Amino acid sequence: MDLNKGKVLGVIGIKGGVGKTTIVLNLASVLANDYGKKVLVVDANFSSPHIGLHLGSVNHKTTLHDVLSDKAHIKHAVHEHDFGFDFIPASLDTRNIKHLKLKNKLADLKNNYDYILLDSSPVLNDEILATMMSSDELYAVSSPDLPTLSTTLRAVKLAKERGVQINGLILNKVRGRKYEITKAEMEKLSGVPVVASIKDNVKFLEALSKVKPLVMHSPYSAPALEYKKLAALLSNEPYKEPNLFKKAYGFLKDDFHNFLNHDFRKGLKYYK
Ligand SMILES: Nc1ncnc2c1ncn2[C@@H]1O[C@H](COP(=O)(O)OP(=O)(O)OP(=O)(O)O)[C@@H](O)[C@H]1O
Ligand SMILES: [Mg+2]
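Model, not experiment: these values are computed from the prediction.

A. Structural view of the pattern of salt bridges. Evaluated as defined, the whole model comprises 15 salt bridges. Taking the shortest distance from any N to any O, the salt bridge between Asp200 and Arg175 comes out at 3.5 Å. Of this pair, Asp200 sits in the loop between strand S8 (194–199) and helix H8 (203–209) while Arg175 sits in the loop between strand S7 (168–174) and helix H7 (183–190), and the two are 25 residues apart along the sequence. A single salt-bridge network, built from bridges that share partners, covers Asp70, Lys98, Lys101 and Lys105.

B. View of unusual backbone geometry. For Asp70, which is not glycine, the phi dihedral falls at a positive 55°. Within the secondary structure, Asp70 sits in the loop between helix H3 (64–67) and strand S3 (79–80). Unlike most non-glycine residues, Val211 shows phi in positive territory, near 55°.

C. Layout of the pairing of strand S6 (residues 137–142). For S6, a buried count of 6 out of 6 residues is recorded, marking the element as mostly surrounded by other parts of the structure. With burial as the criterion, each face of S6 is covered, one bearing Glu137, Tyr139 and Val141 and the other bearing Leu138, Ala140 and Ser142. As paired elements, strand S1 (residues 7–12) and S6 share 4 bridges and run parallel to each other. Residue pairing in the sheet places Val11 in a bridge with Tyr139 of S6. One ladder, built from 4 bridges, connects S6 with S7; its direction is parallel. The partner of Ser142 across the bridge, within S7, is Leu171. In terms of handedness, the path from S6 via helix H6 (residues 146–161) over to S7 forms a crossover that is right-handed.

D. Seen up close, the sheet that holds strand S5 (residues 115–120). Ordered by their spatial adjacency, 8 strands build an open sheet running S3-S4-S2-S5-S1-S6-S7-S8, and the pairing between neighbours is mixed. The strands lining the two open edges of the sheet, one partner per strand, are S3 and S8. Relative to the sheet, helix H10 (residues 222–235) contacts S1, S5, S6, S7 and S8, its axis offset from that of S8 by approximately 165°.

E. Highlighting the packing of aromatic side chains. Following the criterion strictly, the structure yields 3 aromatic pairs and no others. With 6.3 Å between their ring centres and 65° between their planes, Phe204 and Tyr227 make a pair best called edge-to-face. Separated by 23 residues along the polypeptide, Phe204 in helix H8 and Tyr227 in helix H10 bring together distant segments of the chain. Across the pair, Tyr227 and Phe204 agree in class, each one buried. The interplanar angle of 10° and the centroid separation of 6.2 Å between the aromatic rings of Phe245 and Tyr249 together place this pair among those described as stacked. One end of the pair is Phe245 and the other is Tyr249, both in helix H11 (residues 244–260) and 4 residues apart, which spans about a single turn. Note that Lys228 overlies the ring of Tyr220, its terminal NZ or CZ placed 5.9 Å from the centroid.

Reading guide: rules and limits
- Residues numbered from 1 in each chain as written.
- Chains lettered and ligands numbered in written order.
- Predicted model: local features only at pLDDT ≥ 70, side-chain atom pairs only at ≥ 80, totals over all residues.
- Heavy atoms only, no water.
- Salt bridge = Lys/Arg side-chain N within 4 Å of Asp/Glu carboxyl O.
- Helix = DSSP H or I, 4+ residues; strand = E, 2+ residues; numbered from the N terminus.
- Buried < 20%, exposed > 50% of the residue type's maximum accessible area, 1.4 Å probe, protein only.
- Pairing = 2+ DSSP bridges.
- Right-handed = clockwise from strand over helix to strand, strands pointing away.
- Contact = heavy atoms within 4.5 Å.
- Axes fitted to C-alpha atoms, helices over the stretch in contact; angles between N-to-C directions.
- Phe/Tyr/Trp six-rings, centres within 6.5 Å; stacked < 30°, edge-to-face > 60°.
- Lys NZ or Arg CZ within 6 Å of the ring centre and 35° of its normal.

Encoded structure:
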């Protein structure tokens with residue numbers, strides 16, 4: 001029996017733009033395509049949903065908003081994606097919904113998946129609480145700067161007050177500069193282990209312009225390998241680092257492929 005059956009992983013952060021959606025979609029892609037897991041991504045960023053936009057799939061007939069206003073059964077809001085995982089989009093509207101029903105609604109789907117990943121809202125009200133209360137494991141995203149760290153510490157405190165544990169911090173957009181808060185400082189101040197440290201990398205923006213998770217756009221890049229390591233850790237799978245030759249060959253092949261297929265008319269400067 002797979003002990004991980006139906007585990008809900010929530011990705012939170014009380015700050016916009018730290019990388020929650022990016023992390024959820026890259027993890028979903030690796031868990032599904034590299035580790036063979038059945039994965040569902042849920043857009044629990046209720047007031048500013050982005051999952052559909054990142055997946056190139058918008059204007060859905062049934063969304064999480066319909067589910068949380070008791071207009072539809074959750075199974076009707078599940079959409080398949082050819083990236084290898086399913087997703088539940090949310091609607092970009094201001095409808096009154098019952099955020100805290102999320103946990104109960106997800107219960108109906110838990111047996112269908114190995115992992116359900118929740119992309120959350122940075123808004124500190126029922127929006128973020130819905131993810132906190134629905135998750136079996138919670139991961140907080142922080143970039144290594146003081147304002148983000150202070151919001152991360154607030155998230156840790158809020159979770160504790162609700163009797164929920166944050167299992168790990170994911171450091172994102174790390175540049176390795178002296179002025180950045182270090183992993184050790186983050187761990188000491190928050191009391192939470194850092195489970196991944198993902199570099200700031202322009203390839204994330206290239207991938208975004210291709211409407212693809214980075215791990216699919218550039219699977220041998222350093223941040224893609226960080227994601228593969230993190231997904232292995234979260235799913236208790238062994239991580240096998242590709243050898244140097246495979247890494248270099250794969251990286252050049254990806255880069256060349258992306259270069260060849262780049263649509264320069266779109267105005268993105270691939271090589272300056
Ligand atoms: N490691 C990284 N290096 C460079 N850019 C990144 C990295 N991670 C994410 N980004 C970029 O940062 C921007 C914000 O990321 P994302 O949308 O995932 O943040 P978010 O926390 O979900 O934001 P929101 O709170 O608005 O939903 C995107 O353009 C994304 O491509
Ligand atoms: Mg987001």
